[in-house]
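Read off the chains here:
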Amino acid sequence: MKKCLERLYNGLIKENPTFVLMLGMCPTLAVTTSAINGLGMGLSTMVVLALSNMIISALRKIIPDKVRIPAYIVIIATFVTIVELLMHAYVPGLYSALGIYISLIVVNCIILGRAESYASKNPVFPSLFDGIGMGLGFTMALTIIGLVREFLGAGTLFGFAASDVLGDKIGNIVLAAFERAVSPESTGFLKVIHDIFALEFSSFSPVGILVMAPGAFFVLATLTMIQNVIKDKGAKAGKDTSKIGSGCSSDCMNCSDMGCSRRLVDNKEKVNKETSAKEVKSENKDKAEAKDKTAAKEKADIKEDSAKEKTASSEEVKEEKAEDAKKEDKDER
């Protein structure tokens, strides 16, 4: 259970697919014109992600390695078709708003990435919760982006007028939030900034560009910047934010537990370790070869000395025999 809960936290915070891993940018930028669209797209993706992870994990020992990618896509496409038909039947308004992007869930890199990097290597329940965690993280990100774009771009929240929901005009709400950071009693440059904001937001009207295509980039960049600022503050406070669980690695097809923010460092360390290991292996090989050569040379020297001794001994024997033969001849005479 602890591992399953860790998977949920991992997908929501540590490896949020949108704000941390920067995956699934196509639906993120295209459908988040409103909070409802972002929520619907996120939940649809979560259902497909969780169910496909579960089935792929259950079949991980049966699916042949050479055809695993086509097999994953068939499984994912099956669940996408089911979700699409259910949405068409029960939420036709949301189905029409999301359009072709429902079908494109099949090729969403978050789903295929989790299937390849996690579900195909882990048991069923952790894989199911990994899919739910990643899906909830994706849903949260799309809903937040949709809220910001809808609130500032159209003046509504989940389709309701912001003034009806919050009880005040958008300009007054934004100005109140700004005054929490910059007090009206500030002096100097901050006072000038405050007065400019107060003048602009007193007659604030929705910024139409935020619900258009460029607005998605602006909002995503701003939210990512805020997240990085928070992360940097955590790092300065002593928190370990350098590595993020099991995100995207330099080898997307075979990634396991290497965090994206540490990819280059990890690869460098890996290369250094491999280089050191090769150097040690080469050095040991050279030493072994030198030792073998020395041993062979010593053996050859011993053989040569032995041969010389045998030769010397045989010559001495010959000389002795020659002397004996001479003595015998002398004695006969």
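Residues numbered from 1 in each chain as written. Predicted model: local features only at pLDDT ≥ 70, side-chain atom pairs only at ≥ 80, totals over all residues. Heavy atoms only, no water.

Visitor: A description of the overall build of the protein should follow, citing residues and the corresponding values.
Guide: Within the protein, the regular secondary structure consists of 12 helices and two strands. When its helices and strands are written in sequence order, the protein yields α-α-α-α-α-α-α-β-β-α-α-α-α-α. Counting only residues that meet the buried cut, the protein has 33% of its 333 residues in that class. Summarising the internal contacts of the protein: among those between residues at least 6 apart in sequence, 67% fall at separations of at least 24. Here the protein has roughly 20,300 Å² of accessible surface; of this, 63% comes from carbon and sulfur atoms. (Helix = DSSP H or I, 4+ residues; strand = E, 2+ residues; numbered from the N terminus. Buried < 20%, exposed > 50% of the residue type's maximum accessible area, 1.4 Å probe, protein only. Contact = heavy atoms within 4.5 Å. Areas by Shrake-Rupley, 256 points an atom, 1.4 Å probe, with all protein chains shown as cover.)

Visitor: Can you lay out the packing of helix H4 (residues 68-90) against helix H6 (residues 109-117) for me, pointing to particular residues and giving the numbers?
Guide: At a minimum axis distance of 11 Å, the contact between H4 and H6 shows a crossing angle of 130 degrees. Judged by the angle between their axes, H4 and H6 are oblique. Note that H4 runs across H6; the crossing there is right-handed. Contacts between H4 and H6 involve Arg68, Ile69, Tyr72, Ile73 and Ile76 on the former and, on the latter, Ile111, Leu112, Ala115 and Glu116. A class-by-class count of the residues in the contact of H4 with H6 yields seven nonpolar, no polar and two charged. (Axes fitted to C-alpha atoms, helices over the stretch in contact; angles between N-to-C directions. Parallel < 35°, antiparallel > 145°, perpendicular 65-115°, else oblique. Left-handed = near helix turned anticlockwise from the far one by under 90°. Nonpolar A, V, L, I, M, F, W, Y, C, P; charged D, E, K, R; others polar.)

Visitor: Account for a nonpolar patch on the surface, naming residues and giving values.
Guide: Together, Val207, Ile209, Met212, Phe217 and Phe218 give the surface a local cluster of nonpolar side chains, amounting to about 470 Å² of exposed area. Mapped onto the fold, Met212 is located in the loop between helix H10 (189-202) and helix H11 (213-236). (Patch = residues over 30% accessible without salt bridge, like charges linked within 9 Å, V, L, I, M, F, W, Y side chains within 5 Å. Salt bridge = Lys/Arg side-chain N within 4 Å of Asp/Glu carboxyl O.)

Visitor: Let's hear about the packing of helix H3 (residues 35-58) against H6: which residues, and what values?
Guide: For the pair H3 and H6, the least separation of the axes is 10 Å and the interaxial angle reads 20 degrees. The angle between H3 and H6 places the two elements in the roughly parallel class. Once H3 is placed against H6, the crossing between them reads as right-handed. Here Thr45, Val48, Leu49, Ser52, Asn53 and Ile56 of H3 lie close against H6, whose contacting residues are Ile110, Ile111, Arg114 and Ala115. The residue makeup of the contact of H3 with H6, split by class, is six nonpolar, three polar and one charged.

Visitor: Go over H6, please, and point to the residues and values.
Guide: What H6 keeps buried is the set Ile110, Ile111, Arg114, Ala115, Glu116 and Ser117. In this fold, the buried residues of H6 make contact with helix H1 (2-14), H3, H4 and helix H7 (124-154). Among the residues of H6, the N-terminal cap falls to Asn108, whose side-chain oxygen and the backbone nitrogen of Ile110 are separated by 2.9 Å. (Polar contact = N/O pair within 3.5 Å; in protein donor to acceptor, adjacent residues only side chain to side chain.)

Visitor: How would you sum up the nonpolar core? Please name residues and give values.
Guide: Ranked by internal contacts, the top residues of the largest apolar core, which has 26 residues, are Val48, Leu98 and Ile105. Listed by contribution, the elements that provide at least two residues to this core are H3, H4, helix H5 (92-98), H6 and H7. Ranked by the residues each element gives to this core, the list is headed by H4, at seven residues. Look past the residues within four positions of Ile105 in its chain and what remains in contact with it is Met41, Ser44, Thr45, Val48, Ile76, Val80 and Ile111. If you look at the next biggest cluster of nonpolar residues, it comprises nine residues, including Phe19, Ile145, Leu210 and Leu223. (Core = buried A, V, L, I, M, F, W, Y, C linked by side-chain atoms within 4.5 Å.)

Visitor: Please set out the confidence of the model for the protein residue by residue, giving values where relevant.
Guide: The predicted model of the protein has a mean per-residue pLDDT of 79, with 82% of residues at 70 or higher. Looking across the protein, the model is least confident in helix H8 (residues 162-166), with a mean pLDDT of 64, and most confident in H4, with 94. With pLDDT under 50 throughout, residues 243-266 is counted as low confidence; its partners more than four residues away or in other chains account for 59 contacts. (pLDDT = per-residue confidence, 0-100.)

Visitor: Tell me about the pattern of salt bridges, and name the residues and values.
Guide: What the rule picks out here adds up to seven salt bridges. Linking Arg7 and Glu6 is a salt bridge whose minimum nitrogen-to-oxygen distance equals 3.1 Å. Using a relative accessible area of 5% as the deciding quantity, one classes Arg7 as buried. Put simply, Glu283 and Lys287 hold a salt bridge, and the shortest N to O gap is 3.6 Å. Here Lys287 and Glu283 lie together in helix H12 (residues 263-332), a separation of four residues that amounts to about one turn. By relative accessible area, Lys287 is classed as exposed at 52%.

Visitor: Before we move on, can you summarise H7 with the specific residues and values?
Guide: One turn of an α-helix holds 3.6 residues; hence residues three or four places apart share an orientation. The end-to-end C-alpha distance of H7, which contains 31 residues, comes to 43 Å, matching closely the 45 Å that a straight helix rising 1.5 Å per residue would cover. Gly155, located one to two residues past H7, shows a positive phi value of around 75 degrees. (Expected span 1.5 Å × (residues − 1).)

Visitor: So what's going on with a negative patch on the surface? Residues and values would help.
Guide: There is a patch of like negative charges on the surface, built from Glu315, Glu316, Glu319, Glu320, Glu323, Asp324, Glu328, Asp329, Asp331 and Glu332. With respect to the element layout, Glu316 can be found in helix H12. (Lys, Arg positive; Asp, Glu negative; His and termini not counted. Charge placed at Lys NZ, Arg CZ, Asp CG, Glu CD.)

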